[in-house]
Amino acid sequence: MQQKRKIAFLITMLMGLFNTLFSQTMVQFKMMFNNQDFHKDSSYINSAGEMVQIHRFMFYTNKWKVINASNDTINLSNDHFLINADKEQSMVMPFPQLSNAKKIVFDIGVDSIRNTSGIQTGILDPAVGMFWTWRTGYIMAKMHGISSQAKTAGNRFSYEVGGFQSPYNSVRTIVLELPAKQEKNKSITIKTNLANWFSGKHFIQIGTTPNCHNAGKLAMQLADNYATLFSIYSNK
């Protein structure tokens, strides 16, 4: 009898796990450079004709929501996520099953409350390396690499975009249209086109501006650009 109870308990646990897995929608970021799959340290050409090798690319995201067919906004998560091109597991996020969703919405960056509420833990721990100072707050997104056009030591370029106070608030809200027949259990892949970092809205030349390490005009231009990185990926 005790053995039967153990088996019944195990079956119940497995069914619960099965239901959890299949009642979720996986959202994942796919790193690309224009129409090429992105590979760390591979060489690419940006819109200015400059050779680019990207060694590090990271950004925060939060406030995930969907808008359904009735135009209701449904909250998916209040957590912050740190997307790191070096860590594939960081680019996949499980959310509750998306039913009748027509748009997916999220912010790039760290919300102002977290910027002003003292020491954070986990992915928001300053030791992660995505933080400036308590006055200037978090780095919302960063890109480091090398380019022969960078007139710096080692031809290095370094873009660290931050700022959470007007007029230099670098948080950007992304709204993406989902396919008309998005299957509720099917994963959603978000293409992340790193080429747009240099040309999404503003034309950024590494040879002219190879560095950004504070809030200001250049950071706002880069924030406008990274708002254009994202689209729903289709491999058709």
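My aim in this report is to walk through the structure given alongside it, one point at a time.

Rules of the game
Note that residues are indexed from 1 along each chain, following the sequence as it is written. Local features are withheld for residues below a pLDDT of 70 in this predicted model, meaning they are given only at 70 or higher, and side-chain atom pairs are given and counted only at 80 or more; totals for whole chains, interfaces and linings count all residues. Only heavy atoms go into the side-chain values, all of them from the structure, while hydrogens and water stay out. Numbering of helices and strands runs from the N terminus; a helix is a DSSP stretch of H or I covering at least four residues, while a strand is a stretch of E covering at least two. Remark: exposure states derive from per-residue accessible area (1.4 Å probe, protein chains only) relative to the maximum for the residue type, with buried under 20%, exposed over 50%, and partly exposed in between. Only heavy atoms matter for contacts: two residues are in contact if any of them lie within 4.5 Å across the pair. In these tables, accessible area is a Shrake-Rupley quantity obtained with a 1.4 Å probe, and a residue counts as shielded only by the protein chains included in the view. We treat two strands as partners when DSSP finds at least two bridges between them.

We now examine the overall build of the chain. Along the backbone of the chain there are three helices and 16 strands. A total of 236 residues make up the chain; the buried ones form 43% of that total. Put simply, 71% of the contacts in the chain that link residues at least 6 apart link residues at least 24 apart. Per element, the accessible surface of the chain, about 12,700 Å² overall, is 51% carbon and sulfur.

Omega for the bond connecting serine 166 with proline 167 falls within 30 degrees of zero, at 5°, which places this linkage in the cis form. One non-glycine residue, aspartate 41, adopts positive backbone phi at about 75°. Along the chain, aspartate 41 falls in the loop between strand 2 (36-37) and strand 3 (43-45). Judged by relative accessible area, aspartate 41 falls into the partly exposed class, the value being 38%. Even without a glycine there, the phi angle at lysine 63 is positive, about 55°. Mapped onto the fold, lysine 63 is located in strand 4 (residues 51-68). The class for lysine 63 is partly exposed, based on a relative accessible area of 37%.

On to the pairing of strand 14 (residues 188-193). When you tally the buried positions in strand 14, you get six out of six residues, the bulk of the element. A two-sided burial pattern is seen for strand 14, the buried positions comprising Ile188, Ile190 and Thr192 on one face and Thr189, Lys191 and Asn193 on the other. In terms of strand pairing, strand 1 (residues 24-33) meets strand 14 through six bridges, oriented parallel. Within strand 14, the position partnered with lysine 30 by the bridge is lysine 191. Pairing of strand 14 with strand 16 (residues 230-232), which is carried by three bridges, proceeds in the antiparallel orientation. Each bridged residue has a counterpart across the sheet, and for isoleucine 190 the counterpart in strand 16 is isoleucine 232.

Take helix 3 (residues 217-226) next. The element helix 3 is largely enclosed, with a buried count of eight among its 10 residues. Turning to helix 3, its buried residues are Leu218, Ala219, Met220, Leu222, Ala223, Asp224, Asn225 and Tyr226.

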